[in-house]
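Topology and contacts: notes
Next come the chains, spelled out residue by residue.
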Amino acid sequence: MKNKSSISIVGIGPGREEFMTLEAVRALEEADVIVGYTVYIDLLSRRFAGKEMISTAMRREMQRCRICFEEAAKGKRIALVCSGDAGIYGLASLMYEMGKEYPETELRVIAGVTAASSGAAVLGAPLNHDFCAVSLSDHLTPWEKIEKRLTAAAEGDFVIALYNPASRKRQDSLMRACDILLAHMEEERPCGYVENIGRESTKAVVCTLKELREAGGNMFTTVFIGNSESEIINGRLITKRGYRIERDTDLCGDN
Ligand code: SAH
């Protein structure tokens, strides 16, 4: 019986190898071909030198997925790489959708460290209570829906992680998003953003919502909006969980 061909859809984390899970490293080591967006293929090319690598440009997601199925049909083990987690604004769902045409190909998703998680660690602990992620990209989602989700997130007092705050064509998305949030939150709301997580030029900024409005951001920025319990402690963005910190005086018996 012919073996089923298989494709691993691998989240490689935000950048350097130490941010990858061992499972992801193993999947890439086992693969015959690594397929991905040019920037990520460049990041991996030294570590996985000698492997066949296929890179495609940014907006060529469908082409990238199609290549995976076609290469898998030749009997090769394929790893499709995505930054962060492949199932968070990544290609995992598109692969399953296109996979309907290729029932003989088995797909598996390998979790990665998403930018919300790796960026939160750089800033402190901003996601330490209920949070949601909203992408500001209106490439595949109408802006009206993005606005609705931002309003709902603010009304629900969620901490918000914003992905895709800007691109070359969208320079004012973060400002527009902040204007929507400012209708529900105070100007001094603690916020932060991190650029180039996991790369050499990581930049982390803690600021207020009013200041965030002017921050701009780029396509490698992840933004964090605190909830009503968030606080800046020693320059770090923290969302409290509600613990009441007690002194140990009772235990000492002197109270
Ligand atoms: N699948 C990815 C997200 C892809 S959407 C993940 O799980 O992280 C692309 C957006 O992710 C970027 O616009 C940015 O908001 C965020 N992002 C991805 N890599 C990043 C990095 N190295 N530093 C900061 N933000 C990053």
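Just above, that's the structure.
Here we summarise the structure given alongside this text.

Quick notes on the rules
- Residues numbered from 1 in each chain as written.
- Predicted model: local features only at pLDDT ≥ 70, side-chain atom pairs only at ≥ 80, totals over all residues.
- Heavy atoms only, no water.
- Near = heavy atom within 4 Å.
- Polar contact = N/O pair within 3.5 Å; in protein donor to acceptor, adjacent residues only side chain to side chain.
- Areas by Shrake-Rupley, 256 points an atom, 1.4 Å probe, with all protein chains shown as cover.
- Nonpolar A, V, L, I, M, F, W, Y, C, P; charged D, E, K, R; others polar.
- Buried < 20%, exposed > 50% of the residue type's maximum accessible area, 1.4 Å probe, protein only.
- Helix = DSSP H or I, 4+ residues; strand = E, 2+ residues; numbered from the N terminus.
- Arc of directions from axis to C-beta.
- Contact = heavy atoms within 4.5 Å.
- Pairing = 2+ DSSP bridges.
- Salt bridge = Lys/Arg side-chain N within 4 Å of Asp/Glu carboxyl O.
- Phe/Tyr/Trp six-rings, centres within 6.5 Å; stacked < 30°, edge-to-face > 60°.
- Lys NZ or Arg CZ within 6 Å of the ring centre and 35° of its normal.

1. Some details on the site of the ligand
Ser83, Ile88, Thr114, Thr221 and Thr222 are the nearest of the 19 residues found near the ligand. Here aspartate 85 contributes a backbone N or O atom positioned 2.8 Å from an oxygen atom of the ligand. Between the ligand and alanine 115 there is a distance of 2.9 Å, counted from an oxygen atom to a backbone nitrogen or oxygen. Out of a free accessible area of 550 Å², the ligand has 94% covered by protein chains. Taken together, the residues of the shell around the ligand sort by class into 10 nonpolar, seven polar and two charged.

2. Describing helix H7 (residues 173–182)
Where H7 is concerned, the buried positions are Ser173, Leu174, Ala177, Cys178, Ile180 and Leu181. One face of H7 carries all of its buried residues, which in axial projection span an arc of 160 degrees. Where the residues of H7 are buried, they touch helix H6 (143–155), strand E8 (159–163), helix H8 (209–212) and strand E11 (221–225).

3. Regarding the sheet that holds strand E12 (residues 230–233)
Taken together, the three strands give an open sheet; going across it, the order is E6-E13-E12, and neighbouring strands pair in mixed fashion. The open sheet has two edge strands with one neighbour each: strand E6 (124–125) and E12. As paired strands, E6 and strand E13 (residues 236–239) are joined by two bridges and run parallel to one another. By the bridge assignment, glycine 124 is partnered in E13 with leucine 237.

4. Remarks on the pattern of salt bridges
A full pass over the atoms with the stated rule returns 14 salt bridges. Between glutamate 17 and arginine 47 there is a salt bridge, with its nearest N and O atoms 2.9 Å apart. Residue glutamate 17 is found in the loop between strand E1 (5–11) and helix H1 (22–30), and its partner arginine 47 is found in the loop between helix H2 (38–45) and strand E3 (52–56); the two are separated by 30 residues along the sequence. A relative accessible area of 35% means that glutamate 17 is categorised as partly exposed. Arginine 47 sits in the partly exposed class, given a relative accessible area of 35%. Salt bridges linked by common partners bring Glu52, Glu71, Lys74 and Lys76 together as one network.

5. Things to note about the packing of aromatic side chains
Counted by the stated rule, this structure contains three aromatic pairs. Each ring, one from phenylalanine 69 and one from tyrosine 102, has its centre 4.4 Å from the other, and the planes form 5 degrees; the classification is stacked. Note that phenylalanine 69 is positioned in helix H3 (residues 61–73) and tyrosine 102 in the loop between helix H4 (92–99) and strand E5 (105–110), a separation of 33 residues in sequence. With respect to burial, phenylalanine 69 and tyrosine 102 carry one shared label: buried. Here the aromatic rings of tyrosine 89 and tyrosine 163 are separated by 4.8 Å at their centres, their planes lie at 55 degrees, and the arrangement is tilted. Linking tyrosine 89 in the loop between strand E4 (78–82) and H4 with tyrosine 163 in strand E8, this pair joins segments that are 74 residues apart in sequence. With a relative accessible area of 46%, tyrosine 89 lands in the partly exposed category. Cation over ring: arginine 176 sits above tryptophan 143, and NZ or CZ is 4.4 Å from the ring centre. It is arginine 199 that lies over the ring of phenylalanine 220; its NZ or CZ is 4.7 Å from the centre.

6. Quick notes on the environment of glycine 156
Among the structural elements, glycine 156 can be located in the loop between H6 and E8. Sequence-wise, glycine 156 and lysine 51 are 105 residues apart; in three dimensions their C-alpha atoms are separated by 47 Å.

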